[in-house]
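Residue-level listing of the chains:
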Amino acid sequence: MNRYRIRISVDGKRKLYYIEDQENYDIVLLPSKYLKHKADANRSPNTVRRLALSICYYLNYLDQTGTELLQVAKKSFEEQSSHFGQFLYWLVEGRHITDNRTAKTGNGTCNAYLKDVFRFYLFIEEEYQQFGELKALSYNYFMAVDAVGVKKSIRSRSFKGYLKEEEHKARAAKKDEIVEILKACTNIRDRLLMLLLAETGYRIGEILGIDYSKDIDYWNHIIRVYFREDNENGARAKNAEYRSAKISKDTFDFLNLYIAEYRKLLQHQTSLFVNISGDNIGKPMNVEAVYSMLKRMEKKTGIKITPHMLRHYFGNERRKAGWSLELIQLAYGHRHIQTTI
C-alpha cells in the first residue's frame, strides 16, 4: 500500500486538496501548503487536483526509494538528473497505480507529472530559501534583443531527461459528423449543447457555467463567459478572463426554444444546462453527464465526438473563413498563440 494519499476538504463551495500520511494520518505540510497556495491563486480545481496527484505520486516514489524530499536538493547535478529520470520510468511502468489496472502511463503524461513536481520544488525554493535550489533545474541566462531594440533576459531549464513524446495530433470534428450526432440526439438540450460548443469554441466547463439570466445578450445574440468559482456543478472558466461569442440566428432561435421547452425546470435556478430526467432533474448539468451523453451518441452512430473536438472544429472553420490567428487566440481564450497554432 502506498504511504501517501490525497484528501479533500470543502471550504464553502471550494474544494481544498491536501496530502495525508497514512502511517500516522498527519497532513504533509509542504505539499499541502503548496496546494492551498494554488487554490488561493484561483487555479482551476482540475489543475489543483492534477498537481495533488503528481505530488502524491512523487512522495510515494520517494518513500519506496528511501529518499527524503528535502535531501534531493543536496544531491549533485548528476544524482538529481538520475533521480528524476528514474521517477519518470517508475511512472511509465505504472508503479504509481494502486488499483488493478495494467495499462502503462503515456510519456506525455509522465512528463507532465514531473513538471508539476518541479513547480512544487520551485515553490519550496521561494518559500524556504535555506533549502537551496535544484541543480537539475538551474537557470541558463542569456540576453536577447527584440524587434524594437528592447533587451530582455531569457532563461531555460537545464534538465534534459524528459521522455520522448508522440506528436500531438488533435482531430477536429467534421461537419457531417456533427450533423449525424445532432440527428441522433433525442432532446433539445443535447442539440443546443452541441450547437453552442461548435459555434462558440468554448470549453465544456465554460458552457456548463453559463448563467442564462446574466450571461446571454438576447438582443444581440451574444453569449458571455465569466470566471466563477461558485457554480453548483463545479463548472468554471479555465482562465479568469471575460470573453464573448456571437451565435447564429438559427442557434439563437433554438436557444429560445430550449428555454421555453424547459422553463419549469429552469425557473428554479440560473444555469442554462440542467438535468432533464433522473434523480437530479432540474439540477445543473455536470461534465460527467455530457460525456455520458456523447458516449450514448457514439453507440448509436458509431461516431466519436468530444467537446474538445468541437472546439477544434470551431477554430478550423474560423481559420477557413479568414480569421487571423490572433483573433482565434482571443476567441479560444488562449494565453499563448503557440497553443492556438
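That block above? That's the structure.
All residue numbers refer to positions counted from 1 along the written sequence of the respective chain. Where local features are concerned, this predicted model is filtered to residues with pLDDT of at least 70; where side-chain atom pairs are given and counted, the filter is 80 or more; whole-chain, interface and lining totals use all residues. The side-chain values count all of the structure's non-hydrogen atoms but skip hydrogen atoms and water molecules.

Visitor: Whenever I open this one, the overall build of the protein confuses me. Can you help?
Guide: Here a helix means four or more residues in a row that DSSP labels H or I, a strand means two or more in a row labelled E, and each is numbered from the N terminus. Along the backbone of the protein there are 13 helices and eight strands. A simple rule labels every residue: compare its accessible area, found with a 1.4 Å probe on the protein chains alone, to the largest value its type can have, and call it buried under 20%, exposed over 50%, or partly exposed in between. Each of the 341 residues in the protein was classed as buried or not, and the buried ones make up 46%.

Visitor: Quick question: what am I supposed to make of the environment of Pro 45 here?
Guide: Within the secondary structure, Pro 45 is located in helix α2 (residues 45-65). For Pro 45, a relative accessible area of 31% puts it in the partly exposed group. Along the chain, Pro 45 and Leu 16 lie 29 residues apart, while their C-alpha atoms are 8.4 Å from each other.

Visitor: Looking at this structure, how should I read the packing of aromatic side chains?
Guide: The relative placement of two aromatic rings is captured by the distance of their centres and the angle of their planes. Here a Phe, Tyr or Trp ring, Trp counted by its six-membered ring, pairs with any other such ring whose centre lies within 6.5 Å, and the pair is stacked when the planes are under 30 degrees apart, edge-to-face when over 60, and tilted otherwise. Under the criterion given, the structure shown has 22 aromatic pairs. Ring geometry for Phe 118 versus Phe 159: centroids 5.4 Å apart, planes at 75°, classification edge-to-face. Of the two residues, Phe 118 sits in helix α4 (residues 107-127) while Phe 159 sits in the loop between β5 (151-157) and α5 (175-184), which places them 41 residues apart along the sequence. Neither Phe 118 nor Phe 159 differs from the other in exposure class; each is buried.

Visitor: Even after reading the chapter, I still don't get the side chain of Asp 215, so can you show me in this structure?
Guide: With respect to the element layout, Asp 215 can be found in the loop between α7 (204-208) and β6 (216-217). Judged by relative accessible area, Asp 215 falls into the buried class, the value being 1%. In this description, contact between two residues means that some pair of their heavy atoms is separated by no more than 4.5 Å. Beyond its immediate stretch of four places on either side in the chain, Asp 215 contacts Gly 209, Ile 210, Ile 222, Ile 223, Arg 224, Tyr 226 and Arg 228.

Visitor: What is the right way to read the sheet that holds strand β2 (residues 14-21) from this model?
Guide: Strand pairing in a sheet relies on backbone hydrogen bonds. The paired strands run either parallel or antiparallel. The sheet built from three strands is open, its strands ordered β1-β2-β3 with antiparallel pairing. Of all strands in the sheet, those with a lone pairing partner are β1 (4-11) and β3 (26-27), marking the two edges. Note that β2 and β3 share two bridges and pair antiparallel. Paired with Asp 21 across the strands is Asp 26, a residue of β3. Contacts between α2 and the sheet are confined to β1 and β2, with β1 contributing the most and set at about 150° to the helix. Two strands pair under a simple rule: DSSP has to find at least two bridges between them. Each axis is a line fitted through C-alpha atoms, and for a helix only the stretch in contact is used; angles between axes span 0 to 180 degrees, taken between their N-to-C directions.

Visitor: How should the packing of α5 against helix α10 (residues 287-301) be read in this particular structure?
Guide: The angle between the axes and the distance between the axes are what describe a pair of packed helices. The N-to-C vectors of α5 and α10 enclose an angle of 100°; their axes lie 10 Å apart at closest approach. The angle between α5 and α10 falls in the class roughly perpendicular. For the pair α5 and α10, contact is made by Glu 180, Ile 181 and Ala 184 and by Met 297, Lys 300 and Thr 301, respectively. Its residues assigned to classes, the contact of α5 with α10 comprises three nonpolar, one polar and two charged. Any angle between 65 and 115 degrees counts as roughly perpendicular, while under 35 counts as roughly parallel, over 145 as roughly antiparallel, and the rest as oblique. Note on residue classes: Ala, Val, Leu, Ile, Met, Phe, Trp, Tyr, Cys and Pro are nonpolar, Asp, Glu, Lys and Arg are charged, and everything else, Gly too, is polar.

Visitor: Whenever I open this one, the packing of helix α6 (residues 188-200) against helix α8 (residues 249-261) confuses me. Can you help?
Guide: Where α6 contacts α8, the two axes come as close as 10 Å, and the packing angle between them is 145°. In terms of crossing hand, the pair formed by α6 and α8 is left-handed. Listed contacts from α8 to Ile 188, Arg 189, Arg 191, Leu 192, Leu 195, Leu 196 and Glu 199 of α6 are Thr 251, Phe 254, Leu 255, Leu 257, Tyr 258 and Glu 261. Broken down by class, the residue content of the contact of α6 with α8 amounts to eight nonpolar, one polar and four charged. By definition, any crossing whose near helix is turned counterclockwise from its far helix by less than a right angle is left-handed, and any crossing with a clockwise turn is right-handed.

Visitor: What is the right way to look at the pairing of β1 in this model?
Guide: A regular strand places its side chains so that they alternate between the two faces of the sheet. Looking at chain direction, β1 and β2 are connected through eight bridges and run antiparallel. Across the sheet, residue Ser 9 finds its bridge partner in β2, namely Leu 16. The turn linking β1 back onto β2 is made up of two residues, and Gly 12 within it adopts a positive phi angle of 70°.

Visitor: What is the right way to look at a nonpolar patch on the surface in this model?
Guide: Each patch groups residues whose relative accessible area exceeds 30% and which form no salt bridge, using 9 Å between like charges and 5 Å between nonpolar side chains of Val, Leu, Ile, Met, Phe, Trp and Tyr. In this description, accessible areas are obtained by the Shrake-Rupley approach with a 1.4 Å probe, and a residue is regarded as covered only by the protein chains that are shown. Here, a salt bridge means any Lys or Arg side-chain nitrogen found within 4 Å of an Asp or Glu carboxyl oxygen. Together, Trp 323, Leu 327 and Leu 330 line one region of the surface with nonpolar side chains, adding up to about 310 Å² of accessible area. Following the sequence through the fold, Leu 330 ends up in helix α12 (residues 325-332). Since its relative accessible area comes to 60%, Leu 330 is described here as exposed.

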